[in-house]
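If you want the building blocks of each chain, they are given just below.
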Amino acid sequence: MPEKHTFGVHPITCHSFNADRSQVAIAPNNNEVHIYKKVGGKWEKDQVLSEHSQRVTSVDWAPESNRIVTCGTDRNAYVWVLQGNEWKPTLVILRINRAATCVRWSPKEDKFAVASGARLISVCYFNQENDWWESKHIKKPIRSTVTSLDWHANNVLLAAGSTDFKARVFSAYIKEIDPKPEATAWGKKMTFGNMMYEGGNGGWVHGVSFSESGNKLAWVSHNSAVHVVNAEQDKTVAEIKTEYLPFLACSWISETNLVVVGHDCNPLLFTNDGQENIAFVKKLDGASGAGKQSETKSAMNMFKDMDKRGTTDTSGTKQDTVHQNAITEISIYAGTKGKAIKYCTSGVDGNLVIWTV
């Protein structure tokens with residue numbers, strides 16, 4: 001059975017756990033980030049990070065350095081460092097004029113990338129001389145809002161999905177901090193901002209995910225399609241169009257299996273054999289009927305329903321899934337992308353659900 005945790009009535013825009021999963025950072029669809037601590041089997045609110053002036057859109061917690069990075073529609077990003085018992089923010093110089101939409105630490109945690117509506121990606125690193133976080137911009141050939149990001153395991157390549165219907169792989173090599181990168185299946189030329197791959201058509205790209213090896217890139221789009229490109233197979237693209245509602249995020253749970261989430265409120269499992277084939281396997285939420293409860297009604301309630309809805313039947317008000325609204329984010333809870341043991345989803349219903357593979 002999935003492990004369900006409720007954090008009130010507000011939608012959960014994004015979430016991120018610390019290294020030992022004893023704390024979680026949650027953005028409850030406003031300008032704050034709430035830090036919850038696990039006490040016993042329950043989550044208790046520990047701190048509130050409230051430096052942003054507008055809605056927080058993304059949060060990422062670095063497991064090794066224990067730093068939190070947040071971004072929001074106020075066009076700002078902050079790096080939070082724990083000093084004593086209090087989280088202290090440091091402003092990041094993003095140089096953008098539109099909302100920041102997504103932020104992700106690199107695997108080595110020495111830089112991070114911020115996507116935005118300004119049709120660019122800010123790759124941020126710490127300048128020791130000036131004692132601040134500064135950024136370099138990846139602009140071409142992005143033509144619309146960048147919605148999602150994911151880092152390659154080599155700490156250099158960066159995948160980005162955007163609303164110009166494209167998923168791309170860029171080099172985010174910063175010569176000030178990175179050693180010279182080795183050639184990968186995606187290519188050899190890795191100067192900053194060099195585009196290594198571009199693909200996709202038919203819908204806004206909402207989520208991207210590198211496999212653990214970094215040789216596969218999956219992306220999901222608003223037209224309910226799933227794509228996987230394999231760099232080792234001459235960058236051949238496998239595609240499957242589905243009958244489901246639009247997808248919002250995806251994550252590999254092994255080198256061949258992919259979990260996709262979105263407006264259907266139910267995680268979906270797809271498999272890719274490394275060739276040009278993607279197959280739908282199953283819906284992962286088997287709680288059929290769990291959301292619907294039969295109840296005896298008084299005559300007064302029946303008349304109220306007839307007045308408000310024109311019917312006495314209220315069985316359609318609850319979903320028969322654990323999530324009662326769109327799932328907006330998925331993360332690995334235990335294990336790795338190559339061999340996940342548990343993964344976590346959060347959504348518009350204010351629930352955070354931990355699933356066992």
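What comes next is a walk through the structure. (Residues numbered from 1 in each chain as written. Predicted model: local features only at pLDDT ≥ 70, side-chain atom pairs only at ≥ 80, totals over all residues. Heavy atoms only, no water.)

## Observations concerning the overall build of the chain
- Of the regular secondary structure elements, the chain holds one helix and 28 strands.
- Expected size for 357 residues packed as a compact globule is a radius of gyration near 21 Å; at 21 Å, the chain falls within 12% of this value.
- Dimensions of the chain, computed from the C-alpha atoms along their principal axes, are close to 75 × 50 × 35 Å.
- Within the span of the chain, comprising 357 residues, buried residues form 51% of the whole.
- Contacts in the chain between residues at least 24 apart in sequence constitute 48% of all its contacts with a sequence separation of at least 6.
- Side-chain charges in the chain split into 40 positive and 38 negative, and the spacing between the mean points of these groups amounts to 3 Å. (Helix = DSSP H or I, 4+ residues; strand = E, 2+ residues; numbered from the N terminus. Rg over C-alpha atoms; globule rule 2.2 N^0.38 Å. Buried < 20%, exposed > 50% of the residue type's maximum accessible area, 1.4 Å probe, protein only. Contact = heavy atoms within 4.5 Å. Lys, Arg positive; Asp, Glu negative; His and termini not counted. Charge placed at Lys NZ, Arg CZ, Asp CG, Glu CD.)

## Overview of the packing of aromatic side chains
- On inspection of all chains with the given rule, the structure shows 16 aromatic pairs.
- A centroid spacing of 5.3 Å and a plane angle of 65° characterise the contact between Phe126 and Trp133, whose relative ring orientation is edge-to-face.
- By relative accessible area, which is 25% here, Phe126 ends up partly exposed.
- Aromatic ring contacts, followed pair by pair, group Trp105, Phe112, Phe126 and Trp133 into a single cluster. (Phe/Tyr/Trp six-rings, centres within 6.5 Å; stacked < 30°, edge-to-face > 60°.)

## Some details on the environment of Lys180
- Position of Lys180 among the secondary structure elements: in the loop between β16 (167-171) and β17 (195-199).
- Look at Lys180 and you get exposed, because its relative accessible area is 77%.

## Quick look at the pairing of strand β19 (residues 216-221)
- Taking burial as the measure, the six residues of β19 include six buried ones, the bulk of the element.
- Of the two faces of β19, the one lined by Lys216, Ala218 and Val220 and the one lined by Leu217, Trp219 and Ser221 are each fully buried.
- In the sheet, strand β18 (residues 205-210) pairs with β19 via five bridges, with the strands oriented antiparallel. The partner of Val208 across the bridge, within β19, is Trp219.
- Bridging between β19 and strand β20 (residues 225-230) involves five bridges; their strand directions are antiparallel. The residue of β20 that forms the bridge with Lys216 is Asn230.
- Here β19 folds back onto β20, and the loop between the two strands holds three residues, one of which, Ser224, carries a positive phi near 60°. (Pairing = 2+ DSSP bridges.)

## Focus: the sheet that holds strand β27 (residues 340-347)
- If you walk across this open sheet you meet the four strands as β1-β28-β27-β26, and the pairing is antiparallel. Two strands close off the open sheet at either side, each with one partner strand: β1 (3-6) and β26 (327-335). Between one strand axis and the next, the sheet turns through 20° on average, direction left out of account. (Axes fitted to C-alpha atoms, helices over the stretch in contact; angles between N-to-C directions.)

## Some points on the side chain of Ser122
- Mapped onto the elements of the fold, Ser122 is located in strand β12 (residues 121-127).
- When sequence neighbours within four positions are dropped, the list of residues in contact with Ser122 reads Leu94, Ile96, Phe112, Ala113, Val114, Ser135, Lys136 and His137.

## Remarks on unusual backbone geometry
- Following Lys140, the chain continues to Pro141 via a peptide bond in cis, the omega torsion being 0°.
- Of note in the backbone geometry, Asn66 takes a positive phi value of approximately 55° without being a glycine.
- Following the sequence through the fold, Asn66 ends up in the loop between β6 (56-61) and β7 (68-72).
- Given a relative accessible area of 29%, Asn66 falls into the partly exposed group.

## Details of the pattern of salt bridges
- Inspection of every chain in the model, using the stated rule, returns nine salt bridges.
- The salt bridge involving Asp178 is made with Lys111; its shortest N-O contact spans 2.5 Å. On the criterion of sequence distance, the pair formed by Asp178 in the loop between β16 and β17 and Lys111 in strand β11 (residues 111-116) is long-range, its members being 67 residues apart. Across the pair, exposure class does not vary: Asp178 and Lys111 are buried alike. (Salt bridge = Lys/Arg side-chain N within 4 Å of Asp/Glu carboxyl O.)

## Points about the pairing of β20
- Burial runs high along β20: six of the six residues are buried.
- Where β20 meets strand β21 (residues 236-241), six bridges bridge the pair, whose relative direction is antiparallel. The residue of β21 that forms the bridge with Ala225 is Lys241.
- In this structure, the hairpin formed by β20 and β21 is closed by a connection of five residues, where Asp234 is found at a positive phi of approximately 55°.

## What to know about the sheet that holds β21
- Pairing is antiparallel in the open sheet, where four strands are placed in the order β18-β19-β20-β21. Edge positions in the sheet fall to β18 and β21, since each of these pairs with one other strand and no more. The sheet shows a mean angle of 15° between the axes of neighbouring strands, direction not considered.

## Structural notes on the side chain of Ser331
- Relative to the elements of secondary structure, Ser331 occurs in strand β26.
- For Ser331, a relative accessible area of 18% gives the class buried.
- In this structure the side chain of Ser331 is engaged in a polar contact, spanning 2.8 Å, whose partner is the side chain of His15.
- Discounting residues that sit within four places of it in the chain, Ser331 has contacts with His15, Tyr343 and Cys344. (Polar contact = N/O pair within 3.5 Å; in protein donor to acceptor, adjacent residues only side chain to side chain.)

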